[in-house]
Amino acid sequence: ATTAGMNRRDEPGASTSSSSTLVALIDGDCALCSGYARLVSALDGKGAVYFETQQSDAGRALLKRCGMPTDLSSIVVVEVSPKGKTVGYVRSTAVLRTFLALGAPWSALYLTVAIPEFIRDGVYGLVAKHRYSVFGTNGGRCALPDAVTRRRIGRELPAGLLD
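Residues numbered from 1 in each chain as written. Predicted model: local features only at pLDDT ≥ 70, side-chain atom pairs only at ≥ 80, totals over all residues. Heavy atoms only, no water.

### A word on the overall build of the protein
Assigned secondary structure in the protein consists of five helices and six strands. When the helices and strands of the protein are read in sequence order from the N terminus, they spell out β-β-β-α-β-α-β-β-α-α-α. By residue count, 42% of the 163 residues in the protein fall in the buried class. Partitioning the intrachain contacts of the protein with sequence separation of at least 6 by distance along the chain shows that 73% fall at a separation of at least 24. (Helix = DSSP H or I, 4+ residues; strand = E, 2+ residues; numbered from the N terminus. Buried < 20%, exposed > 50% of the residue type's maximum accessible area, 1.4 Å probe, protein only. Contact = heavy atoms within 4.5 Å.)

Here it is, written out as structure tokens:
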């Protein structure tokens, strides 16, 4: 389905171009999600992945604009091509798209997209359901302590993304 110029995609589909803009929208109160953002930031020497919390004004606006879930049940990755085509990914595919954007060797993790989606998303759903009880919360605030991640969280999103 297409919503406001946005294709919602659960399946792997199109390749990630190194010139695409990737925005990962995470639950800012989830310790696992914050850890994921710290890990990706540490591995992302090119600065290819932007981060925004789903609870922030910019995060809520982007989710709404793109017709993505706003209930914090899934990570959402929004990918914008150089020509302005916007595609959204959720659950396991969103996580895998993030690693694909990092380049080698981390992009090799994308090969697990060959595992059937119902299995990948089943595991994702199980982890997501229990993430607060197993990994804890950030006490109502985003806990991303390193400087690289702090610069990416809440930094201004690329021009035109919220238009």
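Here the narrative resumes.
### Here's the deal with the pairing of strand S5 (residues 76-80)
Extensive coverage of S5 is indicated by the burial of five of its five residues. Side chains of S5 alternate between two faces, with Val76, Val78 and Val80 and Val77 and Glu79 buried alike. In the sheet, strand S3 (residues 21-26) pairs with S5 via five bridges, with the strands oriented antiparallel. Bridging from a neighbouring strand, Leu22 pairs with Glu79 of S5. In the sheet, S5 pairs with strand S6 (residues 86-90) via five bridges, with the strands oriented antiparallel. Along S6, the bridge assignment pairs Glu79 with Val87. (Pairing = 2+ DSSP bridges.)

### Section: the packing of aromatic side chains
All told, the structure shown has one aromatic pair when counted by the stated rule. Judged by centre distance (6.4 Å) and plane angle (75 degrees), the rings of Tyr36 and Phe99 are edge-to-face. Note that Tyr36 is positioned in helix H1 (residues 31-43) and Phe99 in helix H3 (residues 91-101), a separation of 63 residues in sequence. (Phe/Tyr/Trp six-rings, centres within 6.5 Å; stacked < 30°, edge-to-face > 60°.)

### Digging into helix H4 (residues 117-135)
Helix geometry: H4 is bent most strongly at Lys129, by close to 45 degrees. All of the buried residues along H4 are Arg120, Asp121, Tyr124, Ala128 and Arg131. Contact partners of the buried residues in H4: H1 and H3. Count one or two residues on from H4 and you reach Gly136, which has phi positive near 90 degrees. (Bend = angle between axes of the 7 residues up to and from the residue.)

### Points about the confidence of the model for the protein
On average, residues of the protein score 79 in pLDDT, and 77% of them are at 70 or above. Mean pLDDT values for the elements of the protein range from 34 in strand S1 (residues 2-3) up to 94 in H3. Segment residues 1-12: pLDDT under 50, and 42 contacts once partners within four positions in sequence are set aside and those in other chains are kept. (pLDDT = per-residue confidence, 0-100.)

### Quick look at the pairing of S3
Taken across its six residues, S3 has five buried, putting it largely inside the fold. When S3 meets strand S4 (residues 49-53), the two strands line up parallel, connected through five bridges. Residue pairing across strands places Leu25 opposite Glu52, the latter belonging to S4. Taken together, S3, H1 and S4 form a β-α-β motif whose crossover is right-handed. (Right-handed = clockwise from strand over helix to strand, strands pointing away.)

### What to know about H3
In terms of burial, H3 is largely enclosed, as eight of its 11 residues are buried. For H3, the full list of buried residues reads Ser92, Thr93, Ala94, Leu96, Arg97, Thr98, Phe99 and Ala101. Structurally, H3 contributes buried residues whose contacts are with S3, H1, S4, S5, S6 and H4. Once H3 finishes, Gly103 follows within two positions and takes phi at roughly 80 degrees, a positive value.

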